[in-house]
Amino acid sequence: MCKTACRNSPTGINTGAGARLRHLSGFTIVEVVIAVLISTIVFATVICAYVGANDRAEWSAYSLAAQSLAMQGIEQARAAQWDPESWPVIDKLPVTNYTRVEKLDVLVSGTPVLATNYVSISTIATSPQIRQLRADCVWVLVSRYHGAAGPFTNTAVTFRASDQ
């Protein structure tokens, strides 16, 4: 009789088998839903961070390749002969603009990204003779969503004297 009375006592102190069952019972549905919600938020954050890091790494690779292409245009112009002090004058570095479309040097499987390299040569000073060499490499990252696809521009600028 004591066991039955203790189980159903108004004080709420249960010492019988019912208390053991209530103590061993699992989570409530509210606790499970909140745990699943927290887990979903954590995994979604991790996936978004991974996608963002991958996007930034891809952009950095293409930007580095575009900068290298701009430097190639500068080095090609620097390699031209220019000696206004000699007779006859050698000037294979005229004041001009030219454009080259080339593929960015990034390993991809699929459509390569093309870049346009605008190289301009202008006179800065005549005494001493100094020319500015400027290369602007313009490229578009087509794998990005429309608003952030570009165009992007990488620029390299240097000066050259006639005796260099």
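Before reading on, note that the structure itself is shown above.
Predicted model only: the values in this text are computed from it and were never measured.

K.L.:
Can you walk me through the overall build of the protein in this structure?
P.N.:
Check the secondary structure of the protein and you find three helices and six strands. By residue count, 23% of the 164 residues in the protein fall in the buried class. For the protein, the proportion of contacts with a sequence separation of at least 24, taken over those separated by at least 6, is 50%. With the model as given, the accessible surface of the protein reaches about 11,800 Å², and the carbon-plus-sulfur share is 63%.

K.L.:
What's the story with the environment of Phe152 in this structure? I'm lost.
P.N.:
Of note, Phe152 is situated in strand S6 (residues 152-161). Between the alpha carbons of Phe152 and Trp139 there is a distance of 5.4 Å; along the sequence they are 13 residues apart.

K.L.:
Got a minute to help me understand the nonpolar core in this structure?
P.N.:
Nonpolar side chains tend toward joint burial in soluble globular proteins. With 22 residues, the main nonpolar core has Tyr62, Leu93, Leu104, Ala115, Leu133, Cys137 and Trp139 as its most contacted residues. For this core, the secondary-structure elements that each account for two or more residues are helix H3 (29-78), strand S4 (114-126), strand S5 (129-139) and S6. Of all the elements, H3 adds the most residues to this core, at seven residues. Those residues in contact with Leu93 that sit more than four places away from it in its chain are Ala77, Ala80, Gln81, Trp82, Ile121, Arg131, Leu133 and Arg160.

K.L.:
Mind showing me how you'd approach the sheet that holds S6 here?
P.N.:
Strand pairing in a sheet is mediated by backbone hydrogen bonds. Such pairs are either parallel or antiparallel. The strand order across the open sheet formed by four strands is S3-S4-S5-S6, and the pairing between neighbours is antiparallel. Of all strands in the sheet, those bounded by a partner on one side alone are strand S3 (96-103) and S6. Taking each pair of neighbouring strands and ignoring which way they run, the sheet shows an average axis angle of 20°. The sheet contact formed by S3 and S4 spans eight bridges and is antiparallel. Each bridged residue has a counterpart across the sheet, and for Tyr98 the counterpart in S4 is Val119. Against the sheet, H3 makes contact with S3, S4, S5 and S6, and its axis sits at roughly 25° relative to S6, the strand it touches most.

About the criteria used
Residues numbered from 1 in each chain as written. Predicted model: local features only at pLDDT ≥ 70, side-chain atom pairs only at ≥ 80, totals over all residues. Heavy atoms only, no water. Helix = DSSP H or I, 4+ residues; strand = E, 2+ residues; numbered from the N terminus. Buried < 20%, exposed > 50% of the residue type's maximum accessible area, 1.4 Å probe, protein only. Contact = heavy atoms within 4.5 Å. Areas by Shrake-Rupley, 256 points an atom, 1.4 Å probe, with all protein chains shown as cover. Core = buried A, V, L, I, M, F, W, Y, C linked by side-chain atoms within 4.5 Å. Pairing = 2+ DSSP bridges. Axes fitted to C-alpha atoms, helices over the stretch in contact; angles between N-to-C directions.

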